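As a plain string of letters, each chain reads:
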Amino acid sequence: MSRVTMRSAFIAVTVTIAGLHLVAVTLAALPPNRYSDATASRTGYLEPYFAQNWRLFAPAPVAQDREVLFQGSYVGDDGTARRTAWVSWTGVELDLIRHRLVGGRAGYVTNKLYGPLSQRYRGLGLAQRAIADRTDETAPPSWSELRADLSAGGADPVRVRTYVLYEEAAARLGTEVLEARTGHELTAVRYRLRAHSVVPYAQRTGSEADRQAARPAPTQRESGWRVPTTGSTRERDAVAAFDRRHR
């Protein structure tokens, strides 16, 4: 095969792959409908790192302060299970956003994780939610065990797979942050999602006390305990360095 032919073939393959990826991103970003549902199994590879979030504008702009927190469990010197304090990863990210004119993408993990973690959880049936929440702090299930438990009873495999993908991503970040901060070898990790809606528009002209009284009470959800998960040494070092700079 000549060099020109090989180059043409390479370009054709690259353009085809890029085109298919753009189509997949477009379909995945559509509001839930029969078309996006029909292609969910083919666009699943986008989760969680290539997922898109378009909630900046209407019809459903973000109207809440959202916070992602992590807590770990470890074995104390006396052999009993101990828990770390809750660590707000959102607070770490906000330091980057507030102190730079143009924040880096490392400051948007909360926005990337919060919505999908909530949506994938709501996509499970009530029985699967109970399984996901009811895990043992001292012996959390492996990812394959969690996936198998959720799949039992005929649960939708695509929903189970995407749910576990985001749970694993959250556990990975939480493990790396908590182990870097505490120095403990974790036996389990979990996250908390906290949302605090903004003051209703009609009440924003009052005093500070009036605005605070009119603001809805925050809501939160805690995940079940997950098996500690980490990436490469380079990734762990990067997370630890980012956390030291911005906490």
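All figures in this text were calculated on a predicted structure; none of them were measured in a lab. (Residues numbered from 1 in each chain as written. Predicted model: local features only at pLDDT ≥ 70, side-chain atom pairs only at ≥ 80, totals over all residues. Heavy atoms only, no water.)

**Student:** Provide a residue-level description of the pattern of salt bridges, including the pertinent values.
**Tutor:** With the rule as written, the count across this model stands at nine salt bridges. With a closest N to O distance of 2.8 Å, R181 and D243 form a salt bridge. Here R181, found in helix α8 (residues 157–182), pairs with D243, found in helix α10 (residues 233–246); they are 62 residues apart in sequence, far enough to count as distant. We classify R181 as partly exposed; its relative accessible area is 32%. We note a salt bridge from E222 to R192, for which the minimum N-O separation is 2.6 Å. Here E222, found in strand β5 (residues 219–222), pairs with R192, found in strand β4 (residues 186–197); they are 30 residues apart in sequence, far enough to count as distant. Look at R192 and you get buried, because its relative accessible area is 16%. A single network of salt bridges, built from pairs that share partners, joins R190, R192 and E222. (Salt bridge = Lys/Arg side-chain N within 4 Å of Asp/Glu carboxyl O. Helix = DSSP H or I, 4+ residues; strand = E, 2+ residues; numbered from the N terminus. Buried < 20%, exposed > 50% of the residue type's maximum accessible area, 1.4 Å probe, protein only.)

**Student:** Explain the packing of helix α5 (residues 109–122) against α8 to me, using residue names and the numbers behind them.
**Tutor:** The description of two helices packed together rests on the angle between their axes and the distance between the axes. For the pair α5 and α8, interaxial distance at closest approach is 9 Å and the crossing angle is 140 degrees. Taken together, α5 and α8 sit at an angle that is classed as oblique. You can see that α5 and α8 cross each other, and the crossing is left-handed. Side by side, α5 and α8 meet where V109, K112, L113, P116, L117, R120 and Y121 of the first sit next to T162, Y163, Y166, E167, A169, A170 and L173 of the second. Counted by class, the contact of α5 with α8 contains ten nonpolar, one polar and three charged residues. (Axes fitted to C-alpha atoms, helices over the stretch in contact; angles between N-to-C directions. Parallel < 35°, antiparallel > 145°, perpendicular 65-115°, else oblique. Left-handed = near helix turned anticlockwise from the far one by under 90°. Contact = heavy atoms within 4.5 Å. Nonpolar A, V, L, I, M, F, W, Y, C, P; charged D, E, K, R; others polar.)

**Student:** Any details on the pairing of strand β1 (residues 64–75)? Residues and values, ideally.
**Tutor:** Where β1 meets β4, eleven bridges bridge the pair, whose relative direction is antiparallel. Bridge pairing links F70 to Y191 in β4. With two bridges connecting them, β1 and strand β3 (residues 87–88) associate as antiparallel partners. Opposite L69, over in β3, you have S88 as the bridge partner. Bridge analysis of β1 against strand β2 (residues 81–83) gives three bridges, and the strand direction is antiparallel. Residue V75 lies in a different strand from β2, and its bridge partner there is A81. Counted between consecutive antiparallel strands, the loop separating β1 from β2 contains five residues, among which G79 sits at a positive phi close to 85 degrees. (Pairing = 2+ DSSP bridges.)

**Student:** Tell me about helix α4 (residues 89–98), and please be specific about residues and values.
**Tutor:** W89, T90, V92, E93 and L96 are the residues of α4 that are buried. Angularly, the buried residues of α4 cover 160 degrees about the axis, an arc narrow enough to put them on a single face. Elements in contact with the buried residues of α4: β1, β3, α5, α8 and α10. (Arc of directions from axis to C-beta.)

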